[in-house]
Amino acid sequence: MAIFLTSPLVYDLIILCFSTSVVLLSASPTLVLNLVHSNQIHSSQEPPYVSRIEEASVARLEYSKAKATGDIIAHLSPNVPIIPQAFLVNISIGSPPVTQLLHMDTGSDLLWLQCQPCINCYDQSLPIFDPSRSYTHRNQSCKTSEYSMPSLRFNSKTRSCEYSMRYMDDTGSKGILAKDTLVFNTIYDESSSASLPNVVFGCGHNNYGDPLVGTGILGLGYGEFSLVHRFGTKFSYCFGSLDDPSYPHNVLVLGDDGANILGDTTPLEIENGFYYVTIEAISMDGTMLPTDPGVFQRNYQTGLGGTIIDTGNSLTSLVKEAYEPLKNKIEEVFDGRFTTADVNQEGMFKVECYNGDYERDLVESGFPIVTFHLSDGAELSLDVKSVFMKVAPNLFCLAVTPSTGNMNSIGATAQQNYNIGYDLEAKKISFERIDCGVLFDY
């Protein structure tokens, strides 16, 4: 059963109309969801400060390292207003349904959102979900497995399972593990909806730290609470240009029958909820960079190393031994045309920034393609907008940063203009450079 969905949006206001015509999704449904660019929510937002970009990337890497080694207490916030190039999923929860905007994150396992009553809740433009008003709301048992991302504790007094998400950047969410009905609007008939019952999620009553643009997180990792498992073993997503918040064809597909598994495929390893691929080499303009392939390998004893696919982070991070040859080659191509910018950065590493006109000096003049060569011959090619980001007038920075540890991460910026397909049963991931608009007959 395929249900195609859309997310009607007016800046800072989401309006969904529901009626009594509700389709209950089958045991093996397929959903096609339009993704909302975060800049559509805050269209007047200024470009991020470089120091905040650095802070976010450091926190994300620390989270990835902690999760990969089994330390599920310390997590990274998938918070992205500081790097406002991310995608949100428009869903509704409860009966009657309450609209939510959730960050799509392949590096997290749990769907969580803010709930009433609030001990601490950050401001959001949409109503905060009140579980006491949903007649389909139930508490979830406290069972867990090796892939469970949140820390869980059974409270014998309240007879509830409490979850805790503590992030490296002093952000966190605590609340009750629960289940309720998710509702989606179909694009074929605005008066009808599709519902999925008994979806496990975190009902966050104590949420602190930097607020999200949306209302919570949609975890698409492999953990047992991930929404992915309700739709089978396949899912895919396609991003257009992250510089264009008005692009209408950004899409997430959940379900075996609808997921787009296209193009080059490479083996997919799954560990601690993360999706790993193997980089074998990096080239620029067809020339291989002098990087030892061993720096991309994962240590199976410690859980460290390797390369993860992570839509929760805009930036791509490489270990020093891979980052330095790439940065040196880029600056060789620059040939002194751009000066390094002093941006008063503080923190664990320096994001490389340059003085220059991003559109005129880089985009319009052209820049060599950077290619990640993956195992089994798959390639992920990064054009100029996947390698650099504009952060201020006459200032641009590398969207590839040095890793703080020995883990590599392919972020959302490197995935733009690609359809990425996950086949969890076959343990394959596919990459197809494409205009997302040709995937579906809208």
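- Going by what an unreviewed UniProt entry lists, the protein chain is known as Aspartyl protease UND and is assigned to Camelina sativa.
- Among the UniProt annotations of the protein chain, the heading Sequence similarities (unreviewed entry) holds the following wording: "Belongs to the peptidase A1 family."

**Concerning the overall build of the protein chain**
Moving on, step 1. In terms of helices and strands, the protein chain carries 6 helices and 32 strands.
Moving on, step 2. Per-residue burial for the protein chain yields a buried fraction of 60% across its 442 residues.
Moving on, step 3. Restricting to contacts in the protein chain with at least 6 residues of sequence separation, those with at least 24 account for 75%.
Moving on, step 4. In the form shown here, the protein chain has an accessible surface area of approximately 17,200 Å², with 48% of it arising from carbon and sulfur atoms.

**Remarks on the pattern of salt bridges**
Moving on, step 1. Taken as a whole, this structure holds 9 salt bridges when the rule is applied.
Moving on, step 2. Residue Asp130 is joined to Arg133 by a salt bridge in which the shortest nitrogen-to-oxygen separation is 3.6 Å.
Moving on, step 3. What makes Arg133 exposed here is its relative accessible area of 68%.
Moving on, step 4. Residue Lys329 pairs with Glu332 through a salt bridge whose shortest N-O separation is 3.4 Å. With Lys329 and Glu332 both in helix 3 (residues 320-334) and 3 residues apart, the pair spans about one turn of that helix.
Moving on, step 5. The exposed category is assigned to Glu332, whose relative accessible area is 53%.

**A closer look at the environment of Glu364**
Moving on, step 1. By the secondary structure assignment, Glu364 is in the loop between helix 4 (358-363) and strand 25 (370-374).
Moving on, step 2. Separated by 20 residues in sequence, Glu364 and Val384 have C-alpha atoms that sit 9.8 Å apart.

**Section: the sheet that holds strand 27 (residues 388-392)**
Moving on, step 1. Pairing is antiparallel in the open sheet, where 4 strands are placed in the order 23-24-28-27. Each edge of the open sheet is held by one strand with a lone partner, namely strand 23 (339-340) and strand 27.
Moving on, step 2. Here strand 24 (residues 353-355) runs beside strand 28 (residues 395-398); their pairing, made up of 3 bridges, is antiparallel. Paired with Asn355 across the bridge in strand 28 is Leu395.
Moving on, step 3. Along the sheet, helix 3 makes contact with strand 24, strand 27 and strand 28, crossing strand 28 at roughly 145°.

**Considerations on the pairing of strand 26 (residues 379-382)**
Moving on, step 1. As defined by bridge partners, strand 25 adjoins strand 26 across 4 bridges and the pair is classed as antiparallel. By the bridge assignment, Phe372 is partnered in strand 26 with Leu380.
Moving on, step 2. From the end of strand 25 to the start of strand 26, which pair antiparallel, there are 4 residues, and Asp376 there has a positive phi angle of about 65°.

**So, the pairing of strand 27**
Side-chain positions along a regular strand alternate between the two faces of the sheet.
Moving on, step 1. Where strand 27 meets strand 28, 4 bridges bridge the pair, whose relative direction is antiparallel. The residue bridging Ala392 from the neighbouring strand is Leu395, located in strand 28.
Moving on, step 2. A loop of 2 residues connects strand 27 with strand 28, the two strands running antiparallel in sequence, and Asn394 in this loop sits at a positive phi of about 60°.

**Notes on unusual backbone geometry**
When glycine is set aside, most residues are seen to have a negative phi, and most peptide bonds are trans.
Moving on, step 1. Residue Pro96 follows Ser95 across a cis peptide bond; omega there is 5°.
Moving on, step 2. For Pro96, the location among the structural elements is in the loop between strand 5 (87-93) and strand 6 (98-105).
Moving on, step 3. Cis geometry marks the peptide bond from Gln116 to Pro117, where omega comes out at -5°.
Moving on, step 4. Along the chain, the position of Pro117 falls in the loop between strand 7 (112-114) and strand 8 (138-139).
Moving on, step 5. With phi around 65°, Asn417 is a residue other than glycine that occupies positive phi space.
Moving on, step 6. Summarising the element assignment, Asn417 is placed in the loop between helix 6 (412-415) and strand 31 (418-423).
Moving on, step 7. Residue Asn417 is classed as partly exposed on the basis of its relative accessible area, which comes to 22%.

**Let's talk about helix 3**
Moving on, step 1. Across its 15 residues, helix 3 extends 21 Å between first and last C-alpha, which sits within 8% of the 21 Å expected from 1.5 Å per residue.
Moving on, step 2. Note on helix 3: the residue one or two positions beyond its end, Asp335, has a positive phi of about 50°.

Definitions and cut-offs
- Residues numbered from 1 in each chain as written.
- Predicted model: local features only at pLDDT ≥ 70, side-chain atom pairs only at ≥ 80, totals over all residues.
- Heavy atoms only, no water.
- UniProt positions renumbered as here; feature names shortened; annotations may be inferred.
- Helix = DSSP H or I, 4+ residues; strand = E, 2+ residues; numbered from the N terminus.
- Buried < 20%, exposed > 50% of the residue type's maximum accessible area, 1.4 Å probe, protein only.
- Contact = heavy atoms within 4.5 Å.
- Areas by Shrake-Rupley, 256 points an atom, 1.4 Å probe, with all protein chains shown as cover.
- Salt bridge = Lys/Arg side-chain N within 4 Å of Asp/Glu carboxyl O.
- Pairing = 2+ DSSP bridges.
- Axes fitted to C-alpha atoms, helices over the stretch in contact; angles between N-to-C directions.
- Expected span 1.5 Å × (residues − 1).

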